[in-house]
There are 2 protein chains.
Amino acid sequence: MDQLSPYCEVYSRAIEILGRRWTGAILRALMAGRSRFNDIAHTVPGLSDRLLSERLKELEAEGLVVRTVTPCTPVRVEYSLTEAGNALVPVVWSVAKWAEAWLPVRESRTA
Amino acid sequence: MDQLSPYCEVYSRAIEILGRRWTGAILRALMAGRSRFNDIAHTVPGLSDRLLSERLKELEAEGLVVRTVTPCTPVRVEYSLTEAGNALVPVVWSVAKWAEAWLPVRESRTA
């Protein structure tokens, strides 16, 4: 139980990672496999290129995403999940499933 | 797949709930069952009474926690998880397990 005590620092850091705006969405976009920048951008409407780039760098620094450069013409840059990133995907899904089941959908502001 | 599209508002709200400092710890403290205020406070070291009270009110407003008052002398006030709160517990655990497995523990600042 020591390993999973109610308050622990690593838990807070995990929530911080998931809580950063767009991070969950980006991880979920990447679970389909190795993706190019534009593919991720298209899967996450509303996310600017600048923010996507920033988030991908953070995820790379945290060891959750790997950036692969293939030296062809034009150079192909792709992103994929590491083992830790892959392990985070079911966590993202458990949050999403709980949210869909239990949180009321608010009226659209544009309606 | 529409129900679990990569970006959705309810997902963000769930993360927001889990991301609020101490909320995860309080939910995990409550999973043992109905608890008094002081029991929760003791289970979550470092959490002030003021903040615990604030968080419990938020969780009550979100339908995750129920406050029960038993009219005895002195009055007994207890908190327990609702069905939605209970459903959130495995989500909290999945985050905690991922964190324990994949996030490096930082050196203690007091060491």
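Because the structure is a prediction, the values reported are computed rather than measured. Numbering of residues begins from 1 in every chain and follows the order in which that chain's sequence is written. To read the labels, note that chains go from A and ligands from 1, taken in the order they are written. Local features in a predicted model are, by the rule used here, given only for residues with pLDDT of at least 70; side-chain atom pairs are given and counted only at 80 or more, and totals for whole chains, interfaces and linings are based on all residues.

**With respect to the pairing of strand β3 (residues 76-81) of chain A**
Residues and elements named next belong to chain A. Rule in force here: Each pair of strands is called paired provided DSSP finds at least two bridges between the two strands. Secondary structure follows DSSP: runs of H or I at least 4 residues long count as helices, runs of E at least 2 residues long count as strands, and numbering of each begins at the N terminus.
Bridge count between strand β1 (residues 35-36) and β3: two bridges; the pairing is antiparallel. The partner of Arg36 across the bridge, within β3, is Glu78. Strand direction decides the pairing type here: strand β2 (residues 65-70) and β3, joined by six bridges, are antiparallel. Its bridge partner being in β3, Val66 is matched across the sheet by Ser80. Adjacent in sequence and paired antiparallel, β2 and β3 are bridged by five residues.

**Examining the relation of the copies chain A and chain B**
To be explicit about the condition: What sets the superposition is a least-squares fit of C-alpha atoms, and only residues with pLDDT of at least 70 in both copies go into it. C-beta atoms are placed from the backbone for every residue, and two residues are taken to be in contact when these atoms lie within 7 Å.
Rotating chain A by 180° and translating it 0.0 Å along the rotation axis places it on chain B, where the RMSD comes to 0.0 Å. Those values place the two copies in the arrangement expected of a two-fold rotation axis. No C-alpha of chain A lies nearer the rotation axis than that of A:Gly19, which sits 3.0 Å from it. Most of the interface of chain A is mirrored in chain B, where 100% of its interface residues are also at the interface.

**Topic: the confidence of the model for chain A**
Residues and elements named next belong to chain A. Stated precisely, the cut-off is as follows: By definition, pLDDT measures how confident the predictor is in each residue, and it falls between 0 and 100.
Per-residue pLDDT for chain A has a mean of 86; in total, 88% of the residues score no lower than 70. Here residues 1-7 is modelled with pLDDT under 50, and outside its nearest four sequence neighbours on either side it reaches twelve contacts, counting other chains as well. Taken over the whole predicted complex, pTM reads 0.77, whereas the ipTM for its chain interfaces reads 0.82.

**Some details on helix α4 (residues 49-61) of chain A**
Residues and elements named next belong to chain A. Heads up, the rule is: An expected span of 1.5 Å times one less than the residue number is assigned to each helix. In this scheme the burial state of a residue depends on its C-beta neighbours within 10 Å: 20 or more other such atoms mean buried, 12 or fewer mean exposed, and anything in between means partly exposed; the C-beta positions come from the backbone. The directions from the helix axis to the C-beta atoms are what the arc is built from.
Taking 1.5 Å per residue, 13 residues should reach 18 Å; α4 reaches 18 Å between its end C-alpha atoms and fits that length. Within α4, the full set of buried residues consists of Leu52, Arg55, Leu56 and Leu59. All buried residues of α4 lie within an arc of 100° about the axis, which places them on one face of the element. Facing away from the buried surface of α4 by more than 90 degrees, the exposed residues are Arg50, Ser53, Lys57 and Ala61. Where α4 is buried, its residues contact α2 (23-30), α3 (37-43), β2 and β3.

**Here's the deal with the sheet that holds strand β2 (residues 65-70) of chain B**
If you trace the three strands from one edge of the open sheet to the other, you get β1-β3-β2 (chain B), paired in antiparallel fashion. Here the strands that pair on one side only, and so sit at the sheet edges, are β1 (35-36) and β2 of chain B.

**Comments concerning the sheet that holds β1(A)**
With antiparallel pairing, the three strands of this open sheet are ordered in space as β1-β3-β2 (chain A). Each edge of the open sheet carries a strand with a single partner, namely β1 and β2 of chain A.

**Quick notes on the packing of helix α5 (residues 83-102) of chain A against helix α5 (residues 83-102) of chain B**
Selection criterion: Under this scheme, a helix contributes an axis fitted over its contacting stretch, all axes are lines through C-alpha atoms, and angles between N-to-C directions fall in the 0 to 180 degree range. Any angle from 65 to 115 degrees is called roughly perpendicular, while one under 35 is roughly parallel, one over 145 is roughly antiparallel, and all others are oblique. Gly is placed with the polar residues, together with every amino acid not listed as nonpolar (Ala, Val, Leu, Ile, Met, Phe, Trp, Tyr, Cys and Pro) or charged (Asp, Glu, Lys and Arg).
Packing of α5(A) against α5(B) brings their axes to within 10 Å, and their N-to-C directions diverge by 170°. Here α5(A) lies roughly antiparallel to α5(B), going by the angle between them. On the side of α5(A), the interface is formed by A:Ala84, A:Ala87, A:Leu88, A:Pro90, A:Val91, A:Ser94, A:Val95, A:Trp98, A:Ala101 and A:Trp102, while α5(B) contributes B:Ala84, B:Ala87, B:Leu88, B:Pro90, B:Val91, B:Ser94, B:Val95, B:Trp98, B:Ala101 and B:Trp102. Residues belonging to the contact of α5(A) with α5(B) are distributed by class as follows: 18 nonpolar, two polar and no charged.

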